[in-house]
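# Structure at a glance
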Amino acid sequence: MFFALAVFMLAGPAYRQVLDGDNRVFRNWVMFSAIGVGLVDARFTHLTEDGSEVILNHHELLAGQYRKVRRSNIWLIRNRNGGAVDVARRLCAVLDPITSIRIESRVATRRGWVTDVDGEIVNCGAP
Amino acid sequence: MSSVTPTFNVLTSVRRLWTGFLAWGVMSVGSSRSSALIRIGLGLIIWTRFAYEQLPYRYELGWHTAFSVLFYVFTTLMIVGYRARMTTFVAGILTMSFYYYFGLVSNYEPYTHHHTYILGIATVLCALTPSDKSYSLDRWLAVRAARRRGEPLPPEAGNLWGLRLIVIQLTMMYFWTAVDKVHPGFLEGDRLEALFMYYYIGSSLADWAAWSWVFAVAAWIVVILEFALAFFLPFRRTRKYFVLPGLALHLCFYLMLPVFTYSVTVILLYLAYFDADRVHRILDELQGEPIERRSG
């Protein structure tokens, strides 16, 4: 009994984590590995008519439009809902329509950050 | 010049290690008090996590009502220690069923978390300890019966193989969770950065160049510490250096992440690492002299 249980505890995670087995009778120990996956870290730069660039605070500008995640004022952009481009279009709605917004964003994966949008410019006046 | 071959040396060392492991694993007899404290603690943690969700009135009359009643009966008997080994085993199976049946089969995601699993498996393993021999109704009844018959009190001791299995479980947990983090995405701080944004600041990290360094350093500390806890907590000589860092790590998890009962469960299970007779002596010291001697 001792050895059967010991082998179950020793070999179970190896089967799941090394051999990529998918039998969930055996427990893998991968804590919090999926939390935050798909989260977008974005920077929005307002390109004004006079050529100046201003970094936008989307938390403030879109307050009330995001779904509030917790009691504190933090807003999460997810790549599944249009991601940073969708947020840029919403920012256009509250800015001067002649201007543009440059997006730089990265998305969280289980293996680290991956570039999401690399300098794409959204013209606010475009339909 | 020695006539002993290197192969012979290796075989002798392996045999010595195996014999030592057997002696430690299945042939150690010691105090039952740490096992009993784990039993009571696990029962209370099970209530903390599941009791509200298992209130019988929450379900239509049927099999789940029966499950709820069994849950309350067996966890209560486990905590008070009546037929403690058997009732702890049943309570462990019921707790494991939260993970395997409700979580994995019925796809109730909150029950698939690591805190549910560790609580269930620890309770099953606790049933294999001599937890009935101390701090239990079983013990009280046994002491009364012995006194009635004029016999010496039954010893608070038993085979500790269940505690050893808890140590193996904790070691595997630390080892494999550390292995899972050994990749550039974690060691460069990316995963911790994403977690920090997810729970604390939302989608845009403040413009502070040192952030990535902070998360990278924190990531290395977590991984090194988890490997160290896996390899050094089980051994008496090295344990003293890692107990406090281990407790600190779990307190950090508890305060910073929604780990539910995970931290408190693991902290309770740390009792399994310590020499059971030493825990017994410390409890003797803590409790002081018996009440009859004081009043006399």
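The text that follows walks through the structure, step by step, so that each part is easy to find. (Residues numbered from 1 in each chain as written. Chains lettered and ligands numbered in written order. Predicted model: local features only at pLDDT ≥ 70, side-chain atom pairs only at ≥ 80, totals over all residues. Heavy atoms only, no water.)

The subject of this paragraph is unusual backbone geometry. Even without a glycine there, the phi angle at D20 of chain A is positive, about 60°. As for its placement among the helices and strands, D20 of chain A is situated in the loop between α1 (2-17) and β1 (39-47). By relative accessible area, D20 of chain A is classed as exposed at 64%. Positive phi, close to 55°, is recorded for F260 of chain B, a residue that is not glycine. By the element assignment, F260 of chain B lies in the loop between α11 (236-256) and α12 (262-269). (Helix = DSSP H or I, 4+ residues; strand = E, 2+ residues; numbered from the N terminus. Buried < 20%, exposed > 50% of the residue type's maximum accessible area, 1.4 Å probe, protein only.)

All names here are of chain B. Structurally, T88 can be placed in helix α4 (residues 84-105). Given the relative accessible area of 0%, T88 is considered buried. Residue contacts for T88: discarding those within four places in its chain leaves R39, M78, T123, C126 and A127. (Contact = heavy atoms within 4.5 Å.)

Now for the state of the cysteines. Residues and elements named next belong to chain A. Tallied over the entire structure, the rule returns one disulfide over all chains. Residue pairing for C92: its cysteine sulfur links by disulfide to C124, the two sulfurs lying 2.1 Å apart. With the S-S dihedral at roughly -70°, the linkage between C92 and C124 falls on the left-handed side. One end of the pair, C92, is in helix α3 (residues 83-93); the other, C124, is in the segment after β5 (112-123), with 32 residues separating them in the sequence. The exposure classification of C92 matches that of C124, with both residues buried. (Disulfide = S-S within 2.5 Å.)

What follows covers empty space enclosed by the protein. Per the counting criterion, the structure on display carries one cavity of 30 Å³ or more. Taken as a whole, the largest cavity encloses approximately 40 Å³ of empty space. Around the largest cavity, the lining residues are F8, M9, G12, P13, F26, R27 and W29 of chain A together with Y117 and Q169 of chain B. When residues in the lining of the largest cavity are grouped by element, the largest group, four residues, is from α1 of chain A. Class assignment for the residues of the lining of the largest cavity results in six nonpolar, two polar and one charged. (1 Å grid on protein atoms, 1.4 Å probe; cavity = no way out; pocket = protein on both sides within 12 Å on 5 of 7 lines; lining within 4 Å. Points joined across faces, edges and corners; volume = space filled by probe spheres on them. Nonpolar A, V, L, I, M, F, W, Y, C, P; charged D, E, K, R; others polar.)

Right, let's get into the interface of chain A and chain B. In this complex, chain A contributes 45 residues to the contact, which on the side of chain B involves 48 residues. Overall, the association of chain A and chain B removes approximately 4100 Å² of surface from exposure, summing both partners, and the carbon and sulfur fraction of that is 65%. By the criterion of area lost to chain B, the three top residues of chain A are F2, W29 and F32 of chain A, representing 20% of everything that side buries. Across the contact surface, chain A and chain B share one salt bridge. The partner of E193 of chain B in a salt bridge is R106 of chain A, and the shortest N-O contact between them spans 2.4 Å. Remark: the boundary between chain A and chain B carries ten residue pairs in polar contact (both at pLDDT 80 or more). The set of elements that each furnish at least two residues to the side of chain A that touches chain B consists of α1, β1, α2 (58-61), β3 (77-78), β4 (100-109) and β5 of chain A. Take the side of chain A that touches chain B: its biggest share by element is ten residues, from α1 of chain A. (Buried area = accessible area lost by both parts, 1.4 Å probe. Salt bridge = Lys/Arg side-chain N within 4 Å of Asp/Glu carboxyl O. Polar contact = N/O pair within 3.5 Å; in protein donor to acceptor, adjacent residues only side chain to side chain.)

This part covers the nonpolar core. Grouped together as the largest cluster of nonpolar side chains are 82 residues, with contacts concentrated most on L42, L165, M173 and Y174 of chain B. With eleven residues, the top contributor of residues to this core is helix α7 (residues 161-180) of chain B. Within the second largest apolar cluster, 19 residues are counted, among which are V87, L91, C92 and I101 of chain A. (Core = buried A, V, L, I, M, F, W, Y, C linked by side-chain atoms within 4.5 Å.)

Under the defined criterion, the tally for this structure stands at ten salt bridges over all chains. Across the pair R85 of chain B and D132 of chain B runs a salt bridge, and its minimum N-O distance is 3.5 Å. With R85 of chain B in helix α4 and D132 of chain B in the loop between α5 (114-126) and α6 (137-149), this residue pair connects regions lying 47 residues apart in the sequence. Assessed through its relative accessible area of 17%, D132 of chain B is described here as buried. Here the salt bridges do not stand alone but share partners, grouping D41 and R106 of chain A together with E193 of chain B into one network.

A word on the packing of aromatic side chains. All chains considered together, the criterion is met by 37 aromatic pairs over all chains. Their ring planes at 90° and their centres at 6.4 Å tell us that F102 of chain B and Y111 of chain B sit as a pair that is edge-to-face. The pair F102 of chain B / Y111 of chain B is uniform in exposure class, with both members buried. R27 of chain A extends its terminal NZ or CZ atom over the ring of W29 of chain A, reaching a point 5.2 Å from the ring centre. The ring of W140 of chain B carries R144 of chain B above its face, with NZ or CZ at 4.7 Å from the centroid. (Phe/Tyr/Trp six-rings, centres within 6.5 Å; stacked < 30°, edge-to-face > 60°. Lys NZ or Arg CZ within 6 Å of the ring centre and 35° of its normal.)

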